[in-house]
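# Remarks on the overall topology
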Amino acid sequence: MILILDNGHGNPPLTGGKCSPDKRIREYDWARDMVRRIAEKAKEAGIETHILVPEKTDIKLNERTRRVNQICDEKGASNCVLISVHINAAGADGKWHNARGWTGWVAPKSSQNSKTLARLLYIEATRANLKGNRADSPSCYWVGNFAIVRDTKCPAVLTENLFMDNEEDAAFLESEDGKEIIANLHIEAIKNYIVHLNK
Ligand SMILES: [Zn+2]
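Quick summary incoming for the structure in this document. (Residues numbered from 1 in each chain as written. Predicted model: local features only at pLDDT ≥ 70, side-chain atom pairs only at ≥ 80, totals over all residues. Heavy atoms only, no water.)

### Topic: helix α5 (residues 167-174)
Keep this limit in mind: Exposure categories follow from relative accessible area, calculated using a 1.4 Å probe and restricted to protein chains: below 20% of the type maximum is buried, above 50% is exposed, and the middle band is partly exposed. Note on conventions: DSSP H or I runs of at least 4 residues are helices, E runs of at least 2 residues are strands, and numbering of each starts at the N terminus. Throughout, the arc means the angular range of directions from the helix axis out to the C-beta atoms. Residue contacts are counted whenever heavy atoms from the two residues lie within 4.5 Å of one another. Under this definition, polar contacts are N or O atom pairs within 3.5 Å; protein pairs additionally need one hydrogen-donor-capable and one acceptor-capable atom, and for neighbouring residues in sequence, both atoms have to be side-chain atoms.
If you check which residues of α5 are buried, you get Asp169, Ala170 and Leu173. The buried residues of α5 occupy one face: seen down the axis, they fall within an arc of 100°. Contacts from the buried residues of α5 go to α1 (27-44), β3 (80-88), β6 (156-163) and α6 (176-197). Measuring from the backbone nitrogen of glutamate 168 back to the side-chain oxygen at the start of α5 gives 3.0 Å, which picks out asparagine 166 as the cap.

### Section: the packing of helix α3 (residues 112-127) against α6
Heads up, the rule is: Axes here refer to lines fitted to C-alpha atoms; in helices the fit is confined to the stretch in contact. Angles between the N-to-C directions go from 0 to 180 degrees. Relative orientations are named as follows: roughly parallel for angles under 35 degrees, roughly antiparallel for angles over 145 degrees, roughly perpendicular for angles from 65 to 115 degrees, and oblique for any other angle. Note on convention: near helix rotated counterclockwise from far helix by under a right angle means a left-handed crossing. Clockwise means right-handed.
Following both chains from N to C, one finds α3 and α6 inclined at 140°, their axes separated by 8 Å at the closest point. Taken together, the axes of α3 and α6 are oblique relative to one another. The element α3 and its partner α6 pack so that their crossing is right-handed. Contacts between α3 and α6 involve Asn113, Thr116, Leu117, Leu120, Leu121, Glu124 and Ala125 on the former and, on the latter, Leu185, His186, Glu188, Ala189, Asn192, Tyr193, His196 and Leu197.

### Regarding the side chain of serine 84
Its place among the elements puts serine 84 in strand β3. Of note is the side chain of serine 84, whose polar atom sits 3.0 Å from the side chain of histidine 86.

### Describing the packing of aromatic side chains
To describe a pair of aromatic rings, you give the distance between the ring centres and the angle between the ring planes. Rules: Note on aromatic pairs: the rings of Phe, Tyr and Trp (six-membered ring only in Trp) are paired at centre separations within 6.5 Å, and the planes decide the class, stacked below 30 degrees, edge-to-face beyond 60, tilted for the rest.
Under the criterion given, the structure shown has three aromatic pairs. When the centroid spacing of 5.7 Å and the interplanar angle of 85° are considered together, the rings of tryptophan 105 and phenylalanine 146 count as edge-to-face. Linking tryptophan 105 in strand β4 (residues 103-106) with phenylalanine 146 in the loop between β5 (142-143) and α4 (147-150), this pair joins segments that are 41 residues apart in sequence. Since its relative accessible area comes to 19%, tryptophan 105 is described here as buried. A relative accessible area of 29% means that phenylalanine 146 is categorised as partly exposed. With centroids separated by 5.7 Å and ring planes inclined at 55°, the aromatic side chains of tyrosine 122 and tryptophan 142 adopt a geometry described as tilted. Placement of the pair is tyrosine 122 in helix α3 and tryptophan 142 in strand β5, with a sequence separation of 20 residues. Here tyrosine 122 matches tryptophan 142 in class, with each residue buried.

This is how it looks when you write it as structure tokens:
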């Protein structure tokens, strides 16, 4: 299995993502670091890993989906899985907000395997106590029309790792412990996903 990791946004201005109200957390920066951590742990676990955007510059969404699909065509879509790593924000108004917690997203017509991976991620996030104050998802995933999960051929999940404009979440996102907990929840879910595939 080939794990494809998308670090979402690049250096602004194209799709720079958002930042915390105090500007200490920038989404593109944080996601880059997180993808690097997940990739390291995946390699240690013997999982073939591909970082989708090695560049520091911004890479447009359609180029990112093209890259994913090229790997799928070469290796077989059923042998690949994509996780796109993000941080959520409740507003873009430079203020702190109340919403906090972890969510995992699949496309509207996503495959069963996408939903399974999203569910396994949700279980690990809940175990890590990252549910926050978001409403429970009975299905253990959320559905969103995001191009990176919608237009790619392999099973795909987009993770929104807490809220950068919530003060408690932001402190967790900045901490070394917090980063390790979030990287580990991805890895544990991926390992469980591989076990599921091999059943
Ligand atoms: Zn984002």
